[in-house]
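# Summary of the model geometry
As a plain string of letters, each chain reads:
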Amino acid sequence: MKLARALMSLLLAVSAAPLFAVEAPEMKIEHSIVINAPPEAVWEVVSDFNGLPRWLATITESRIILGKNREVGAIRELRRANGTKVQEKLIVYEPWNMSLGYTYIGGQVGATDYFPTMTVSDAGNGTSKVVWKAHFKRVAYWTDEPPPGQDDATPLNTLNKVYVMGLESMKQMIEGQ
């Protein structure tokens, strides 16, 4: 009888453990910019899933390693300026809405559950608005006390800087053409 109670207690404790598990909060960022060019010209740049090195200084190389550029399922491998690599998969591609979305699938990721989108819209008078947003969690999402570099602040600060810098650079590149 005591063994049965002990086993039942152990079973209840194990099955209840997920109820008390730590889960990092989902974070969100959103940045936008108005570019002095028609939406079709801006979409040509944004929709190039292999084109980040043209306008994002933190990416030195991009290559499609599976599928085709501008098609759902395409996988790109990016080399960052610091030498690290990451693979991303195009999961949404809607040229009729001028919108795309992608996610990390491998490499040295900077966040987990990372789902960014980029959208181009008409801002009037021959200009376009680009919105780049994402939701994600820190790398060490399973612990209350993540190690340095895997906390909430690291991806939040990094992505905020990268998105602002990238949009500004894209604007300069497109407007300079």
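Residues numbered from 1 in each chain as written. Predicted model: local features only at pLDDT ≥ 70, side-chain atom pairs only at ≥ 80, totals over all residues. Heavy atoms only, no water.

## A closer look at the packing of helix α2 (residues 39–46) against helix α4 (residues 153–175)
Defined as follows: Where helices are involved, their axes are fitted lines through C-alpha atoms of the stretch in contact, as for all axes, and angles between N-to-C directions lie from 0 to 180°. Only DSSP runs of H or I reaching four residues or more are called helices, and only runs of E reaching two or more are called strands; each is numbered from the N terminus. Orientation is classified from the angle alone, with under 35 degrees giving roughly parallel, over 145 giving roughly antiparallel, 65 to 115 giving roughly perpendicular, and any other angle giving oblique. By definition, any crossing whose near helix is turned counterclockwise from its far helix by less than a right angle is left-handed, and any crossing with a clockwise turn is right-handed. We call two residues in contact when some of their heavy atoms are within 4.5 Å. Charged means Asp, Glu, Lys or Arg here, nonpolar means Ala, Val, Leu, Ile, Met, Phe, Trp, Tyr, Cys or Pro, and polar covers whatever is left, Gly included.
Interaxial distance between α2 and α4 falls to 11 Å at its minimum, and their mutual angle equals 125 degrees. In this view, α2 runs oblique relative to α4, as classed from their interaxial angle. Taken as a pair, α2 and α4 cross one another with a handedness that is right-handed. Residues V42, V45 and V46 of α2 form the contact with α4, whose participating residues are M170, M173 and I174. Partitioning the contact of α2 with α4 into residue classes produces six nonpolar, no polar and no charged.

## Details of α4
Put simply, the rule is: Expected span of a helix, by definition, is 1.5 Å for each gap between consecutive residues, and there is one gap fewer than residues. Partly exposed describes any residue whose relative accessible area lies between the buried limit of under 20% and the exposed limit of over 50%, with all areas from a 1.4 Å probe on protein chains only and scaled to the type maximum.
Given a rise of 1.5 Å per residue, 23 residues ought to cover 33 Å, and the 33 Å separating the end C-alpha atoms of α4 matches this to within 8%. Within the sequence span of α4, burial applies to P155, L159, V162, Y163, G166, L167, M170, K171, M173 and I174. Where α4 is buried, its residues touch β1 (27–35), α2, α3 (52–55), β5 (99–107), β6 (112–124) and β7 (127–137).

## So, the packing of aromatic side chains
For clarity, the threshold we go by: Each Phe, Tyr or Trp ring (for Trp, its six-membered ring) is paired with any other whose centre lies within 6.5 Å, and the angle between the two planes then decides the class: stacked below 30 degrees, edge-to-face above 60, tilted in between.
Taken as a whole and judged by the stated rule, the model has seven aromatic pairs. Here the aromatic rings of Y102 and Y114 are separated by 6.3 Å at their centres, their planes lie at 80 degrees, and the arrangement is edge-to-face. Placement of Y102 in strand β5 and of Y114 in strand β6 is noted, with a sequence separation of 12 residues between them. On the basis of an interplanar angle of 5 degrees and a centroid distance of 3.9 Å, the ring pair of W132 and Y163 is categorised as stacked. One end of the pair, W132, is in strand β7; the other, Y163, is in helix α4, with 31 residues separating them in the sequence. For the pair W132 and Y163, one class covers both residues: buried.

## What about the pattern of salt bridges?
Let me state the cut-off plainly: Here, a salt bridge means any Lys or Arg side-chain nitrogen found within 4 Å of an Asp or Glu carboxyl oxygen.
In the structure shown here, the tally under the stated rule is seven salt bridges. Note that E77 and R63 form a salt bridge whose closest N and O atoms lie 3.1 Å from each other. On the criterion of sequence distance, the pair formed by E77 in strand β3 (residues 75–80) and R63 in strand β2 (residues 59–66) is long-range, its members being 14 residues apart. E77 gets classed as buried once you look at its relative accessible area, which sits at 13%. Between K137 and D113 there is a salt bridge, with its nearest N and O atoms 3.7 Å apart. Placement of the pair is K137 in strand β7 and D113 in strand β6, with a sequence separation of 24 residues.

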